[in-house]
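Here's the letter readout for the chains.
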2 protein chains.
Amino acid sequence: MPRTTSTRERLIADAERLVHQRGFTATSVQDVLAVTGVTKGALYHHFPGKGDLEMAVLEQAGAAFINWLDEVLVGASPRECLEHFFDSALKHHRKQRFVGGCLFGNTAIEMSDVSRQHSDLVASVFDIWSNKIKQVILAAQTDGQIRDDMPARGLAEMVVATIEGGIMLSRLRKDERPLRVCLDSLKALLWGQCAPIQEK
Amino acid sequence: MPRTTSTRERLIADAERLVHQRGFTATSVQDVLAVTGVTKGALYHHFPGKGDLEMAVLEQAGAAFINWLDEVLVGASPRECLEHFFDSALKHHRKQRFVGGCLFGNTAIEMSDVSRQHSDLVASVFDIWSNKIKQVILAAQTDGQIRDDMPARGLAEMVVATIEGGIMLSRLRKDERPLRVCLDSLKALLWGQCAPIQEK
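Residues numbered from 1 in each chain as written. Chains lettered and ligands numbered in written order. Predicted model: local features only at pLDDT ≥ 70, side-chain atom pairs only at ≥ 80, totals over all residues. Heavy atoms only, no water.

1. A word on the overall build of chain A
Across its full length, chain A holds nine helices and zero strands. Scanning chain A from its N terminus toward the C terminus, one meets helices and strands in the order α-α-α-α-α-α-α-α-α. Taken along the three principal axes of its C-alpha coordinates, chain A extends 70 × 40 × 30 Å. The buried share of chain A, reckoned over its 200 residues, is 54%. The long-range fraction of contacts in chain A, counting pairs at least 24 apart against all pairs at least 6 apart in sequence, stands at 61%. Accessible surface, chain A: about 9000 Å² in total, of which carbon and sulfur atoms supply 52%. Taking the average location of the 24 positive side-chain charges in chain A and that of its 25 negative ones, the two points are 6 Å from each other. (Helix = DSSP H or I, 4+ residues; strand = E, 2+ residues; numbered from the N terminus. Buried < 20%, exposed > 50% of the residue type's maximum accessible area, 1.4 Å probe, protein only. Contact = heavy atoms within 4.5 Å. Areas by Shrake-Rupley, 256 points an atom, 1.4 Å probe, with all protein chains shown as cover. Lys, Arg positive; Asp, Glu negative; His and termini not counted. Charge placed at Lys NZ, Arg CZ, Asp CG, Glu CD.)

2. Some words on the packing of helix α8 (residues 152–173) of chain A against helix α8 (residues 152–173) of chain B
The geometry of α8(A) relative to α8(B) is characterised by a closest axis approach of 7 Å and an angle of 105 degrees between their N-to-C directions. Considering their axes alone, α8(A) and α8(B) lie roughly perpendicular with respect to each other. In this structure, α8(A) uses M158(A), V160(A), A161(A), T162(A), E164(A), G165(A), G166(A), M168(A) and L169(A) to contact α8(B), whose residues at the interface are M158(B), V160(B), A161(B), T162(B), E164(B), G165(B), G166(B), M168(B) and L169(B). (Axes fitted to C-alpha atoms, helices over the stretch in contact; angles between N-to-C directions. Parallel < 35°, antiparallel > 145°, perpendicular 65-115°, else oblique.)

3. Considerations on the side chain of S170(A)
All names here are of chain A. Mapped onto the elements, S170 comes out in helix α8. Judged by its relative accessible area of 0%, S170 is buried. Every residue in contact with S170, bar those within four places of it in the chain, is listed here: F98, D175, E176, R177, P178 and L179.

4. Examining the layout of surface pockets
As a volume, the largest pocket reaches approximately 600 Å³. Considering the residues around the largest pocket, the lining is formed by 31 residues, among which R22(A), E110(A), R22(B), T25(B) and E110(B) are closest to the centre. Listed by contribution, the elements that provide at least two residues to the lining of the largest pocket are α1 (7–22) and α6 (103–111) of chain A together with α1 (7–22) and α6 (103–111) of chain B. Broken down by element, the residue count for the lining of the largest pocket peaks at six residues, all from α6(B). Considered class by class, the residues forming the lining of the largest pocket number 12 nonpolar, 11 polar and eight charged. (1 Å grid on protein atoms, 1.4 Å probe; cavity = no way out; pocket = protein on both sides within 12 Å on 5 of 7 lines; lining within 4 Å. Points joined across faces, edges and corners; volume = space filled by probe spheres on them. Nonpolar A, V, L, I, M, F, W, Y, C, P; charged D, E, K, R; others polar.)

5. Focus on the confidence of the model for chain A
All names here are of chain A. In this model, chain A carries a mean pLDDT of 92, and residues with pLDDT of at least 70 account for 94%. Mean pLDDT values over the elements of chain A span from 93, in helix α9 (residues 177–191), up to 98, in helix α4 (residues 50–72). Here residues 193–200 scores under 50 on pLDDT; set against residues more than four positions off or in separate chains, the count is 19 contacts. As a predicted assembly, this complex carries a pTM of 0.94 together with an ipTM value of 0.93. (pLDDT = per-residue confidence, 0-100.)

Quick look at the structure:
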């Protein structure tokens, strides 16, 4: 027998879709009930408060994102892993038609000055993301594929920030160019040929 | 006689402060009236609708930001101009204690899927910012201070995206490290020594 989706799972999935479009503040419990088609009692049975549903949304989205990272950070070499990750990120947002952006970036902007609970959860997702990129950069440095005069941790943090900024700008313009340019520049700067720099 | 601040100017300044903290959707006309201490009639005399006040906020903030860019993009060489700009950006957000973030990045995240009018205005601010950085990078490339095997336009767009991502992450953690690391990495990648890259 196929596994049926539980009420709890449907509530989280519907809430995530709404939050991704509108943010946490603009998504009411009524909105979620209207989409999922359950009673207020059923929702409060699973989530005592709106905040509990919101945390469940972020936790589930975080876990799904980390799984996705493991799926796309693959390749015959560390460099190919990063290239495949970059290409997959662009493909994902192109498929979204640059609507919705990144749930974690959106939440960072919306909640950083408002809720420590939301911020801490999002910060932990960024930490895991950044650490995974750091491991690949370290391996690429060991292989001599990426310049090793800069710490892998800092480069990884910069990669994450640049992608978040690129998603923001592509979403703003509904155009893939900003994100594509960011990814192309990251590639070139991380492992491209170094042009001769004349000191003046 | 010192010039007195007009009601219109006070309304824009107070609305900007609120929007910077909470965003456009969560800032009501009532909130602005309460802070500025004027009547609804006075507000609607200057701004027929809430959207008109919001556009005035973005236009004024955009003009102030562009002026600030011209003030900080200064130095004895193109490279020093960029360094001074990077340092000034970090100093500005440190002074804000990483609260509020960047009004234009916040608005991009909040309004990109919601209002073409807000998005177009913010996109024009990012365009001007990016163009100013491009001019400095072009000059630095001509001087041989920045690698010239990558188009200045793309590098400038990446600089803007990386800074926006860095501001987002520093605001999330209430810690200057993410933005500082982004700026240090940009510096090193744009004009740092190139480590010998072994092709494997």
